[in-house]
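Spelled out from the first residue to the last, the chains are:
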Amino acid sequence: MALRGGRTRQTGRNGEAEATRKPLGAVRRAQAITTYGVGSMIAIEDQSYIVSGLDSWRVGKADVIYEPRLQHWLRVAKFQLPPADEPPSGDGMKVRLFPEIYSCGTCKKLQEFKRFGSPAGKSVCGACDKPLTPSRFVIACENGHLDDFPYFEWVHKKSEPNRGVNEQVKHELTLESSGQTASLRSVVIKCSCGVRPASLEGAFGGGAMSALGIKCKGRRPWLGRDAKEPGCSATPRTLQRGASAAWFSISRSALSIPPWSQALQQRLNPYYDWLAGKLERRPESEILEDIKEHPHLTDDGRFTPEEILAAVHRRRELEASALPDSDEAPMFESANKLRHEEYNQLCDGTGSVARDENFECVQAPGDGSALPYGIKRSMLVKRLREVRALESFTRVTMSDPAGGDTRRAAMANDAVDWLPAIEVSGEGVFLTIDEQLLREWEQRPGPVMRAQQIWRNHTAILRERAERAGSTKLPEDIKSPVTPRYVLLHTLAHVLVNEWSLDCGYPAASLRERLYVDQDMAGVLIYTATSDSAGSLGGVVAQGEHRRLHETLESALARTEWCSQDPPCMESEASGMDSLNLAACYACVLLPETSCETNNVFLDRAMLIGAPDDPATGFFYEGG
């Protein structure tokens, strides 16, 4: 997929000049959801750009993705594949120059790029003819706003805060580095007005901007140079331009399950709006005649007009149903309404299905006697389809995996009825835990005490975030949804992914977890769903066979009993990001970020194999 910048002209097929945009670089379509989505910054050669809003994308009509349940959840009419670099699949994603502040390493000038007089298509100083460097630093706030680093305000307010700025004097900034150290103390900003030079030391402090009276201007440069959201009260923070904290995606996903995965609904997708519109104006008898005359719907005789009309009614029932649980109350995605629907379907299975359907799930052969202790059911998901959509993004701090975070940066200036998404296919194994054993284990003091440690840390984070956002909720009403059950299922998924990656032919980064955890759910789906060469080869499904599952789980638990970082790892009382893990590190439990739903937090291997001072904490410890 091409990234396109300024306009140029080229000759079209009819011989006339057509406006297009010069390709500046390229990213994969999947990266437009996970890494380089709307509002993210991307370095291309010697310049830096920001990906523009959705209303600037030129997407292809043929690249529409449908997933009715997720569309209903996100309140959109459809999903679109990110545009490719050639029509008819779009004309690439548009980018804008950002940051706007550049510096010259020769004359040391620090100013907007346009003031350097660089020739078109180049990034060089007009006076020195030397390459320019985009600003290394930007400022951003938790509400997603982004702006150039305020070099002018920094040097004038930090050096001599009580001295007013003389507007009659010419102000030209320069950026110099002494080279004595690698710290920000060596990076010095000077102004031609004579104010005392100021280093950038301390610029990354949490209160550095507010201490100088520098407030968030609400800028949204991905929507246009002058796009702003006034009234932002968040404190801006200094970030490195390429820092991961400069852009965190907020994505949602759903599996295609019956009836939406079935061939009838797939065939209906492109025609649903047309048929639903007719139902509002005309009697069903006339619509049945219209369906008969539409060749793409009925020519092969596989579906009758009555079946197609019934499918339309079913889709309308979905649209009229209550929306899934909101994100206002902290709740893991593993417990939402969409996951409940998937859980029930995964437990029930599908039997044999047609080759053009997107979901096939059957019970692993055997009477269950060979299943390992604690596992109630093993289902082989021989075929699945997942749709992953980019809903929004945040900056500075990522959206909390437990929900309840209302920060959503704008994706477009004007309202759009679609979101960018990708669809991936794969295979997997779905496991459920024995509910009776699980409920007994949840009452033991060990699991309760360890989960409480994580719960307290997470609750403190949620309350602090709510206070910063000006929430009207009472602190005692804000509580973490962490439970012993969740930590157990999450950690189990991680150790199985690590174990299966050694045996099934897929690297750990190509495997993903999907948790189903609530008071009436205790399951985990481990699957591969990628759009690259690591596709569906049958290696994961084979791990769900009873005897092999027994062997791999036994091996995984044996590996988990010892970590190269022990004893500090096992004895840790707070580890990982925001202290939301206990006994978990990259030497034993943590996974590649693409494989985990919650950014490698809420993990504790003691929940599986027990703690040294309390072996009964482990669900699998010698049969419990």
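Here we summarise the structure given alongside this text. Given the structure is predicted, the values throughout are model-derived calculations rather than measurements.

**What to know about the overall build of the chain**
Link 1 in the chain: Summing up its helical and strand segments, the chain has 16 helices and 22 strands in all.
Link 2 in the chain: Computed over C-alpha atoms, the radius of gyration of the chain comes to 28 Å, within 12% of the 25 Å expected from 2.2 N^0.38 for 624 residues, which places it in the range of a compact globule.
Link 3 in the chain: For the chain, the C-alpha atoms occupy an extent of roughly 85 × 75 × 45 Å along the three principal directions.
Link 4 in the chain: Counting across all 624 residues of the chain, residues that qualify as buried make up 54%.
Link 5 in the chain: Within the chain, contacts between residues separated by at least 24 positions form 69% of all contacts whose residues are at least 6 apart in sequence.
Link 6 in the chain: One finds the centroid of the 75 positive side-chain charges in the chain at a distance of 8 Å from the centroid of its 84 negative side-chain charges.

**Quick word on helix H13 (residues 484-500)**
Link 1 in the chain: The end-to-end C-alpha separation of H13 is 24 Å, in line with the 24 Å expected for 17 residues at 1.5 Å each.
Link 2 in the chain: Among the 17 residues of H13, 16 are classified as buried, and the element is accordingly described as predominantly covered.

**Regarding the pattern of salt bridges**
Link 1 in the chain: Tallied over the entire structure, the rule returns 35 salt bridges.
Link 2 in the chain: Of the charged contacts in the structure, one is a salt bridge between Glu 386 and Arg 514, with a shortest N-O distance of 3.5 Å. Taken as a pair, Glu 386 in strand S19 (residues 375-394) and Arg 514 in strand S21 (residues 511-518) lie far apart in primary sequence, 128 residues in all.
Link 3 in the chain: Given the relative accessible area of 2%, Arg 514 is considered buried.
Link 4 in the chain: When the shortest N-O distance is used, the salt bridge between Arg 605 and Asp 566 registers 2.5 Å. With Arg 605 in the loop between helix H15 (568-571) and helix H16 (606-609) and Asp 566 in the loop between helix H14 (546-560) and H15, this residue pair connects regions lying 39 residues apart in the sequence.
Link 5 in the chain: Residue Arg 605 is classed as buried on the basis of its relative accessible area of 0%.
Link 6 in the chain: Here the residues in one salt-bridge network are Glu 67, Arg 69, Glu 341, Glu 342, Arg 385, Glu 386, Arg 388, Glu 423 and Arg 514, joined through shared partners.

**What about the packing of helix H7 (residues 284-293) against helix H9 (residues 305-320)?**
A pair of packed helices can be characterised by two numbers: the angle between their axes and the separation between those axes.
Link 1 in the chain: Contact pair H7 / H9: the axes reach a minimum separation of 9 Å and the direction vectors enclose 115 degrees. For the pair H7 and H9, the sense of crossing is right-handed. Contacts from Glu 284, Ile 287, Leu 288, Ile 291 and Lys 292 in H7 reach Pro 305, Glu 306, Ile 308, Leu 309 and His 313 in H9.
Link 2 in the chain: Looking at side-chain class alone, the contact of H7 with H9 contains 6 nonpolar, 1 polar and 3 charged residues.

Conventions and cut-offs
Residues numbered from 1 in each chain as written. Predicted model: local features only at pLDDT ≥ 70, side-chain atom pairs only at ≥ 80, totals over all residues. Heavy atoms only, no water. Helix = DSSP H or I, 4+ residues; strand = E, 2+ residues; numbered from the N terminus. Rg over C-alpha atoms; globule rule 2.2 N^0.38 Å. Buried < 20%, exposed > 50% of the residue type's maximum accessible area, 1.4 Å probe, protein only. Contact = heavy atoms within 4.5 Å. Lys, Arg positive; Asp, Glu negative; His and termini not counted. Charge placed at Lys NZ, Arg CZ, Asp CG, Glu CD. Expected span 1.5 Å × (residues − 1). Salt bridge = Lys/Arg side-chain N within 4 Å of Asp/Glu carboxyl O. Axes fitted to C-alpha atoms, helices over the stretch in contact; angles between N-to-C directions. Left-handed = near helix turned anticlockwise from the far one by under 90°. Nonpolar A, V, L, I, M, F, W, Y, C, P; charged D, E, K, R; others polar.

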